[in-house]
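Report on the structure
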Amino acid sequence: GEDVEQSLFLSVREGDSSVINCTYTDSSSTYLYWYKQEPGAGLQLLTYIFSNMDMKQDQRLTVLLNKKDKHLSLRIADTQTGDSAIYFCAESIPSSASKIIFGSGTRLSIRP
Amino acid sequence: EAGVAQSPRYKIIEKRQSVAFWCNPISGHATLYWHQQILGQGPKLLIQFQNNGVVDDSQLPKDRFSAERLKGVDSTLKIQPAKLEDSAVYLCATDQYFGPGTRLTVT
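Residues numbered from 1 in each chain as written. Chains lettered and ligands numbered in written order. Predicted model: local features only at pLDDT ≥ 70, side-chain atom pairs only at ≥ 80, totals over all residues. Heavy atoms only, no water.

1. Points about the state of the cysteines
Rules: Disulfide assignment relies on a single distance test, namely cysteine sulfur atoms paired within 2.5 Å. Secondary structure follows DSSP: runs of H or I at least 4 residues long count as helices, runs of E at least 2 residues long count as strands, and numbering of each begins at the N terminus. Whether a residue is buried, partly exposed or exposed follows from its accessible area with a 1.4 Å probe, protein chains only, as a fraction of its type maximum: under 20%, in between, or over 50%, in that order.
This model, assessed by the stated rule, comprises two disulfides over all chains. A disulfide bridge connects Cys-22 of chain A with Cys-89 of chain A, and the sulfur atoms are separated by 2.0 Å. Here the disulfide of Cys-22 of chain A and Cys-89 of chain A is left-handed, its torsion about the S-S bond being about -65°. Here Cys-22 of chain A is found in strand β3 (residues 18-24), whereas its partner Cys-89 of chain A is found in strand β9 (residues 85-93), with 67 residues between them in sequence. Under the relative-accessibility criterion, Cys-22 of chain A is labelled buried at 1%. Residue pairing for Cys-23 of chain B: its cysteine sulfur links by disulfide to Cys-92 of chain B, the two sulfurs lying 1.9 Å apart. Residues Cys-23 of chain B and Cys-92 of chain B are joined by a disulfide whose S-S torsion is about -70°; by sign, that bridge is left-handed. Of this pair, Cys-23 of chain B sits in strand β3 (residues 19-25) while Cys-92 of chain B sits in strand β9 (residues 88-94), and the two are 69 residues apart along the sequence. Cys-92 of chain B carries the same exposure label as Cys-23 of chain B, and that label is buried.

2. Examining the pairing of β3 of chain B
Residue and element names in this part refer to chain B. We count it as follows: A strand pair is defined by DSSP finding two or more bridges across the two strands.
Of all seven residues that make up β3, five are buried, and the element is covered over most of its length. The pairing of strand β1 (residues 4-7) with β3 spans four bridges and is classified as antiparallel. Looking at the pairing, Ala-5 lines up with Asn-24 of β3. Inspection of the sheet shows β3 paired to strand β8 (residues 74-79) by five bridges, in the antiparallel sense. Pairing of Trp-22 across the sheet is with Thr-76, part of β8.

3. Points about the side chain of Thr-76 of chain B
Stated precisely, the cut-off is as follows: Contacts between residues were defined by any pair of non-hydrogen atoms, one from each residue, lying within 4.5 Å.
Position of Thr-76 of chain B relative to the elements: it lies in strand β8. Excluding residues within four positions of it along the chain, Thr-76 of chain B makes contact with Phe-21, Trp-22, Trp-34, Ser-66, Ala-67 and Glu-68 of chain B.

4. Description of the sheet that holds strand β1 (residues 4-6) of chain A
Residues and elements named next belong to chain A. Put simply, the rule reads: Note on geometry: axes are C-alpha line fits, over the in-contact stretch for helices, and angles between N-to-C directions span 0 to 180 degrees.
Taken in spatial order, the five strands line up as β1-β3-β8-β7-β6 in an open sheet, and their pairing is antiparallel. Among the strands making up the open sheet, the edge pair consists of β1 and β6 (55-58). This sheet shows a mean twist of 15° between the axes of neighbouring strands, independent of strand direction. Relative to strand β8 (residues 71-76), strand β7 (residues 61-66) is paired through six bridges, and the arrangement is antiparallel. When the sheet's bridge partners are listed, Thr-62 is paired in β8 with Arg-75.

5. Side note on the interface of chain B and chain A
Heads up, the rule is: Buried area is a sum: the accessible area each of two parts loses on coming together, probed at 1.4 Å, counted once for each and added. Here a salt bridge means any side-chain nitrogen of Lys or Arg lying within 4 Å of a carboxyl oxygen belonging to Asp or Glu. Definition of a polar contact: a pair of N or O atoms within 3.5 Å, with one able to donate and the other able to accept a hydrogen when the atoms are protein atoms, and with sequence-neighbouring residues admitted only if both atoms are side-chain atoms. Gly counts as polar in this scheme, as do all residues outside two lists: the nonpolar Ala, Val, Leu, Ile, Met, Phe, Trp, Tyr, Cys and Pro, and the charged Asp, Glu, Lys and Arg.
Between chain B and chain A, the residue contacts involve 23 residues of the former and 17 residues of the latter. For the pairing of chain B and chain A, the buried interface totals around 1300 Å² over both sides, and the portion due to carbon and sulfur atoms is 53%. In this structure, the connection of chain B to chain A is made through zero salt bridges. Counting across the interface, chain B meets chain A through one residue pair in polar contact (both at pLDDT 80 or more). Elements with a contribution of two residues or more to the side of chain B that touches chain A: β4 (31-37), β5 (44-50), β6 (53-56) and β10 (97-98) of chain B. The element that contributes the greatest number of residues to the side of chain B that touches chain A is β4 of chain B, accounting for three residues. Residue classes in the side of chain B that touches chain A are distributed as eight nonpolar, ten polar and five charged.

Everything listed here is a matter of coordinates, which is why it stays silent on function.
Right, dumping it as structure tokens:
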């Protein structure tokens, strides 16, 4: 089946690292994505990882992929107030003509 | 949001009325998606086009929703007649890039 799950909320202190987790069910996923959605805005692609990679780093963002456990995480280093948003994990399913399945999103809030 | 324009940005209609949304992506993207995002949920795929053809419309309520893609570029999504539960943001995307969405409120 096709399902992507995330925890609904995460609260971190400003300056700490945030780790947002995601699990997916389709082992044929080719790409896995992280999107950011700020209030009233569309989805912004933050980063993505190809399924044959274990890790990808891009400035403050680190994506870790455990394909065996079908687990994806997004680490944001030195979390800032501007990082407050909903973060969506998504997978691309090649067996379904590359349609993208989204999780329900994790709301990240930053406390001072 | 770069490269995908949507209009209108907001629309309020009464139930049983009709509504249409437009998506204008930059050319060159073969794949186009319409997603429905209900408040508090992740986007749900309604329909996927590859050029002019429909690849997946398994989650499109075809009794009331219709979509077309013109010349493999622009696309329209229509709802006729609308129901209260259609209130959502309708997002157009090409490949992995999303437009800003159209927020529909059905009263």
